[in-house]
Amino acid sequence: MKRILYLFYLLIIIMSFSSCTEEAEDVTSINQQTTIVFMPWSGSASDRGLYSYFQQNLDSIEGAIKKTGSMSNRVVVFLSKSSSESELYEITLVNKEIQHTKLKTYSGNLYTTAEGIAQILNDVKSNAFALNYGMIIGCHGMGWTYKEDWTDYPYNAKSRFRQASSGKAKAGAQVPYYPTRFYGSVSDLGNYATDIETLEQGIANAGMKMQYILFDDCYMANVETAYQLKDVTNFLIGSTSEIMAVGMPYQTMWSSLATATPAYASATSAFNDFYSNYDPPCGTLSVIDCRKLDQLAEMMRRINTAYKFDSAQLDSLQVLDGFDQSIFYDMKDYVVHLCKNNDMLNDFSADLQAAVKSTVHTDSVYSALYPFSGKFIKIKQFSGITISDPSINSVALKGKEKTAWWKATH
């Protein structure tokens, strides 16, 4: 018995000595940030969609990297080169020159499924592990809506896009078409679009939580999308409205994003500087703190319990989209029309301000969705986030009660 106790104590001493002599891992030596640029196919088997614009975006990112002269973090790109061929590669800077290191190729369109998204993200982790991840998504933009609820996405937007012209419209003249990112997957929505719930499930299946998700797409700064993604990202960066086809000005925004401590106000400021001087000068961008949305949802539930929206006021709300029957309304303007209690309204405003960390907008936004010509929409009320609760659009009526936001607030 004494011998057994002696051996037991000896084993403890040896293990303790071994653990004390092991060097602790230096956390500072671990890659702090990997930025994932996710650009799935946005056209059809015969239509290249946004591909040429994605190439321009990647050139801008690489130009921003070269300008800094160094890379303290890692950048991995998923790019669909056709409807059936995609590639995962890492951008590196060697002797001040950009290089691409191919990591994996993919076939088919599994990137539209939760399983496929999880596989891609797991491949990112295997090749470029980091303490923090940021995700930039360039593709279609259909907000929170469900692709199966669309029968015509939307109307004949693709054919009208091809009529796009350049130059500013003169007063009283027909507004020309400018390319925006909403037409992205209009060619074949069923095969190449991805529902927000699918994206959320894919990120969750990969066991990741993003520091931010930047949607370089139209109509993504809506409370339904942000609430759906609150468990897989800390922040959502997106536009309440349509984004011009050139997308984000990465040359000036990149340094604010490719870091473990993103400078969100600087990113939105760079966006605003670019689009205030763009032709046409139209654009909005918001940073939404998804960690604050449970509190906002609880406040919204209290308001919905006490008040019902008067549909006669629908035409008085600030519209931020180009649909004949709007889907996306400014959230604060809607609640101001809904809530008749000043104390509740003040509490809501405080919660909303906490959730929308940074937001910018030009005087007007542009939509290419109007029949016969595009249209500029004057912004009179703007909180940086939209809501679809009051919408009577058929797609909204089919889908809004299925959203996690609706279930949490009604």
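The rules behind these values
Residues numbered from 1 in each chain as written. Predicted model: local features only at pLDDT ≥ 70, side-chain atom pairs only at ≥ 80, totals over all residues. Heavy atoms only, no water. Pairing = 2+ DSSP bridges. Helix = DSSP H or I, 4+ residues; strand = E, 2+ residues; numbered from the N terminus. Axes fitted to C-alpha atoms, helices over the stretch in contact; angles between N-to-C directions. Contact = heavy atoms within 4.5 Å. 1 Å grid on protein atoms, 1.4 Å probe; cavity = no way out; pocket = protein on both sides within 12 Å on 5 of 7 lines; lining within 4 Å. Points joined across faces, edges and corners; volume = space filled by probe spheres on them. Nonpolar A, V, L, I, M, F, W, Y, C, P; charged D, E, K, R; others polar. Expected span 1.5 Å × (residues − 1). Buried < 20%, exposed > 50% of the residue type's maximum accessible area, 1.4 Å probe, protein only. Arc of directions from axis to C-beta. Polar contact = N/O pair within 3.5 Å; in protein donor to acceptor, adjacent residues only side chain to side chain. Phe/Tyr/Trp six-rings, centres within 6.5 Å; stacked < 30°, edge-to-face > 60°. Lys NZ or Arg CZ within 6 Å of the ring centre and 35° of its normal. Salt bridge = Lys/Arg side-chain N within 4 Å of Asp/Glu carboxyl O. pLDDT = per-residue confidence, 0-100.

Q: Sorry if this is basic, but what is going on with the sheet that holds strand E4 (residues 97–107) here?
A: Hydrogen bonds between backbone atoms are what pair the strands of a sheet, whose relative direction is either parallel or antiparallel. Pairing within the open sheet is mixed, and its nine strands lie in the order E4-E3-E2-E1-E5-E6-E7-E8-E10. Of all strands in the sheet, those bounded by a partner on one side alone are E4 and strand E10 (356–361). Neighbour to neighbour, the strand axes of the sheet diverge by 15° on average, direction disregarded. In the sheet, strand E1 (residues 33–39) pairs with strand E5 (residues 132–138) via six bridges, with the strands oriented parallel. Counted as the bridge partner of Thr 34 is Tyr 133 from E5. Along the sheet, helix H6 (residues 196–205) contacts E5 and strand E6 (210–216); its crossing angle with E6, the most-contacted strand, is approximately 150°. On the sheet, helix H9 (residues 264–276) packs against E6, strand E7 (233–238), strand E8 (284–289) and E10 and is oriented at approximately 10° with respect to E10.

Q: Hey, could you run me through empty space enclosed by the protein in this one?
A: Empty space among the atoms becomes visible once a probe the size of a water molecule is rolled across them. All told, the structure shown has three cavities of 30 Å³ or more when counted by the stated rule. Size it by volume and the largest cavity reaches roughly 180 Å³. Along the walls of the largest cavity sit 19 residues, with Ile 137, His 140, Thr 194, Leu 199 and Phe 215 positioned nearest its centre. Split by residue class, the lining of the largest cavity holds twelve nonpolar, five polar and two charged. By volume, the second largest cavity amounts to about 70 Å³. Around the second largest cavity, the lining residues are Trp 144, Tyr 146, Asp 195, Ile 196, Glu 197, Glu 224, Gln 228, Thr 403 and Ala 404. Looking at the lining of the second largest cavity, the elements with two or more residues in it are H6 and helix H7 (223–228).

Q: How should I be thinking about the layout of surface pockets in this particular structure?
A: Space inside the largest pocket adds up to approximately 290 Å³. In this structure, the largest pocket is lined by 17 residues; those nearest its centre are Leu 314, Asp 315, Leu 317, Val 319 and Tyr 329. Here the lining of the largest pocket is composed, by residue class, of seven nonpolar, five polar and five charged. Contributing elements (two or more residues each) for the lining of the second largest pocket: helix H2 (51–68) and helix H8 (250–257). Sort the elements by how many residues they give to the lining of the second largest pocket and H2 lands first, with three residues. Taken together, the residues of the lining of the second largest pocket break down into six nonpolar, six polar and no charged.

Q: Even after reading the chapter, I still don't get helix H12 (residues 342–355), so can you show me in this structure?
A: Since there are 3.6 residues in each turn of an α-helix, residues three or four apart along the chain are aligned in direction. In this model, H12 (14 residues) spans 20 Å end to end at C-alpha, consistent with the 20 Å of a helix rising 1.5 Å per residue. Those residues of H12 that sit buried are Met 344, Leu 345, Phe 348, Ser 349, Asp 351, Leu 352 and Ala 355. In a view along the axis of H12, the buried residues occupy a sector of 165°, so they form one face of it. Exposed and oriented more than 90 degrees from the buried face of H12 are Asn 342, Asp 343, Asn 346 and Gln 353. Close packing links the buried residues of H12 with E8, helix H10 (293–306), helix H11 (331–338) and E10. Between the side-chain oxygen at the start of H12 and the backbone nitrogen of Asp 343 there is a gap of 2.9 Å, and the oxygen is on Asn 341.

Q: Honestly, the packing of aromatic side chains in this entry has me stumped. Any pointers?
A: For any pair of aromatic rings, the description rests on two quantities: the centre-to-centre distance and the angle between the ring planes. Evaluated as defined, the whole model comprises 19 aromatic pairs. Measuring from ring centre to ring centre gives 5.9 Å for Trp 150 and Phe 323, while their planes differ by 35°; the resulting arrangement is tilted. In this pair, Trp 150 is assigned in the loop between E5 and helix H4 (157–161) and Phe 323 in the loop between H10 and strand E9 (329–330), connecting sequence segments 173 residues apart. Considered together, Trp 150 and Phe 323 belong to a single accessibility category, that of buried residues. Between Tyr 178 and Tyr 366 the ring centres are 5.1 Å apart and the planes differ by 85°, which places this aromatic pair in the edge-to-face class. Of the two residues, Tyr 178 is situated in the loop between H4 and helix H5 (189–192) and Tyr 366 in strand E11 (residues 364–367); the sequence distance between them amounts to 188 residues. On the accessibility criterion, Tyr 178 (5% relative accessible area) is buried. What makes Tyr 366 buried here is its relative accessible area of 1%. Clustering of aromatic rings is evident, with ring pairs tying together Phe 38, Phe 78, Tyr 106 and Tyr 111. In this structure, Lys 230 packs its charged tip against the face of Tyr 227, placed 5.1 Å from the ring centre.

Q: Help me understand the pattern of salt bridges, please; the structure alone is not making it clear to me.
A: Note that side chains of opposite charge can pair when their charged atoms are close. The tally for this structure, following the rule as stated, stands at twelve salt bridges. Asp 216 serves as the salt-bridge partner of Arg 181, at 3.4 Å between the closest nitrogen and oxygen. Taken as a pair, Arg 181 in the loop between H4 and H5 and Asp 216 in strand E6 lie far apart in primary sequence, 35 residues in all. The partner of Asp 294 in a salt bridge is Lys 230, with the nearest N and O atoms 3.5 Å apart.

Q: Explanation requested: the confidence of the model for the chain in the structure shown.
A: Note: predicted coordinates in regions of low pLDDT should not be interpreted at a detailed level. Confidence in the prediction of the chain, expressed as mean pLDDT, is 88, and 85% of residues score 70 or more. Across residues 17–22, where pLDDT falls below 50, the model places zero contacts with residues more than four positions away in sequence or in other chains. Contacts of residues 155–172 to residues separated by more than four positions or lying in other chains number 34 contacts, the stretch itself having pLDDT below 50.

Q: Looking at this model, I keep getting lost on the environment of Phe 271. Mind explaining?
A: Relative to the helices and strands, Phe 271 is located in helix H9. Sequence spacing of Phe 271 and Thr 284 is 13 residues, and the spatial spacing of their C-alpha atoms is 8.2 Å.

Q: Explanation requested: the side chain of Arg 181 in the structure shown.
A: Judged by relative accessible area, Arg 181 falls into the buried class, the value being 0%. Engagement of the side chain of Arg 181 in a polar contact is seen with the backbone oxygen of Asp 216, the distance being 3.1 Å. A polar contact is formed between the side chain of Arg 181 and the backbone oxygen of Ala 245, at a distance of 2.9 Å.

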